[in-house]
Amino acid sequence: MNQHTGHIHTPWTSLVYLLALTLVSTFVLQFLVVAIDFIWNGGMEDLMKQGKSVNSYMHKPVILYLLLMAGTVGTFLIPPLVLQRIERYQIYFPRQPKGEQIWLITFVFLFAFSPLMHLVSEWNAQMTLPEALRDVEQWMQDKEESMKVLFERVIMVDSIPLLLLNIVVLALLPAIAEEFYFRGTLFHILNRLFNNNHLTVWIVAIVFSAIHLQFYGFFPRMLLGAFFGYMLVWTKNIWVPVFAHFVNNAMVTILAFIYTKNGKTYEDLQSQENYSIFVYIGSLILTGLIGYWFYRYTHKKATIHGARLDKDTDIR
């Protein structure tokens, strides 16, 4: 799918490059933020202390936001951009035909899927593992609680400036960085390995969901990742899943702001009221119909574009 203009490695070599770049870039950027904080507030000796995590900076909002941005940029944005530079391939597809309606269809699709996603989230949140995997389940619960504390501190705000900051840090930046990484680069590498769009879409979606370490929201996030993957496959434009990712994150961010303004808690945000069975059935039907509309619309645009290219070639 991606266009090459220079040397390209084998898929396994590209994957090793991507993982190495991810580890180095993540460590360097987050280390710089932590080092600046320690030097400014605690001295160099504190820099050597162990056990520091993002949650350790709850009382330092500036450092907390810097760490979140460093994590997003270092982990998901810099590696694909550097690898793209090394292998000289194009992941953005800026010249591919989209059509003005594609953005509206994407938004309506997410809106239609929302009740169904809520149902899957409720089911996923009640997941339990066999007794033999008790230690694994406890680790998953600890990770979930840690992420809950972090997001509660960051996302539940009641001022417009903080809302706008959250939209940038929690919606815009992750949408661009994560889509460039997963749908832009990892998809490209794995599709060269498997040569199967469907298999690659779902493998990338699983990795995309697992990397967030929120296992009680694993399945709805995996489904979203699969939708983002098919948006890329059908439109051949990375900016479409970027837009969908941004809309999804921004809606949660804005909803958290509304809940906070109304005196509601993070628990209220997570435990929204259940819909009736008819709403879930309607959501399933609408999601399928709009997904098919999305598919037909993008393929029609591609067919028209291809016919124009053939015509231009005949004229020449």
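Not measured: the values here are computed from a predicted model. (Residues numbered from 1 in each chain as written. Predicted model: local features only at pLDDT ≥ 70, side-chain atom pairs only at ≥ 80, totals over all residues. Heavy atoms only, no water.)

## What about helix 3 (residues 101–125)?
Threshold: Secondary structure elements follow DSSP: runs of H or I no shorter than four residues count as helices, runs of E no shorter than two count as strands, and numbering proceeds from the N terminus. Helix span, as expected, comes to 1.5 Å for every residue beyond the first. The angle separating two fitted axes, one through the seven residues that finish at a residue and one through the seven that start at it, defines the bend at that residue.
The end-to-end C-alpha distance of helix 3, which contains 25 residues, comes to 35 Å, matching closely the 36 Å that a straight helix rising 1.5 Å per residue would cover. Taken as a whole, helix 3 carries its principal kink of about 45° at Ser114; the proline Pro115 stands between one and four residues after it.

## Section: the nonpolar core
Cut-off, in case you're wondering: We call a set of buried Ala, Val, Leu, Ile, Met, Phe, Trp, Tyr and Cys residues a nonpolar core when their side-chain atoms join them within 4.5 Å. Partly exposed describes any residue whose relative accessible area lies between the buried limit of under 20% and the exposed limit of over 50%, with all areas from a 1.4 Å probe on protein chains only and scaled to the type maximum. Whether two residues are in contact is decided by their heavy atoms: any pair within 4.5 Å suffices.
In terms of nonpolar packing, the biggest core is built from 26 residues, with Leu18, Phe182, Leu186, Phe187, Val201 and Val204 touching the most fellow members. Here this core takes nine residues from helix 5 (residues 160–194), the largest share from any one element. Sequence-distant contacts of Leu18, defined by excluding residues within four places in its chain, comprise Pro79, Pro80, Leu83, Tyr181, Thr185, Leu186 and Ile189. Membership of the second largest hydrophobic core comes to 17 residues, among which are Ile105, Leu116, Leu224 and Ile290.

## Considering the pattern of salt bridges
Our working rule: Put simply, a salt bridge is a Lys or Arg side-chain nitrogen that is within 4 Å of an Asp or Glu carboxyl oxygen.
Summed over the entire model, instances satisfying the criterion amount to one salt bridge. Glu179 is paired through a salt bridge with Arg183; the nearest N and O atoms lie 2.7 Å apart. One end of the pair is Glu179 and the other is Arg183, both in helix 5 and four residues apart, which spans about a single turn. Of the two residues examined, Glu179 and Arg183, each falls in the buried class.

## Considering the side chain of Thr298
Basically, it comes down to this: Pairs of N or O atoms are called polar contacts if they sit within 3.5 Å, as long as, within protein, a hydrogen donor faces a hydrogen acceptor (for residues adjacent in sequence, only side-chain-to-side-chain pairs).
Of note, Thr298 is situated in helix 10 (residues 277–315). Within the structure, the side chain of Thr298 is placed 3.0 Å from the backbone oxygen of Phe294, a separation counted as a polar contact. Of note is the side chain of Thr298, whose polar atom sits 2.9 Å from the backbone oxygen of Tyr295.

Structural measurements only, silent on function.
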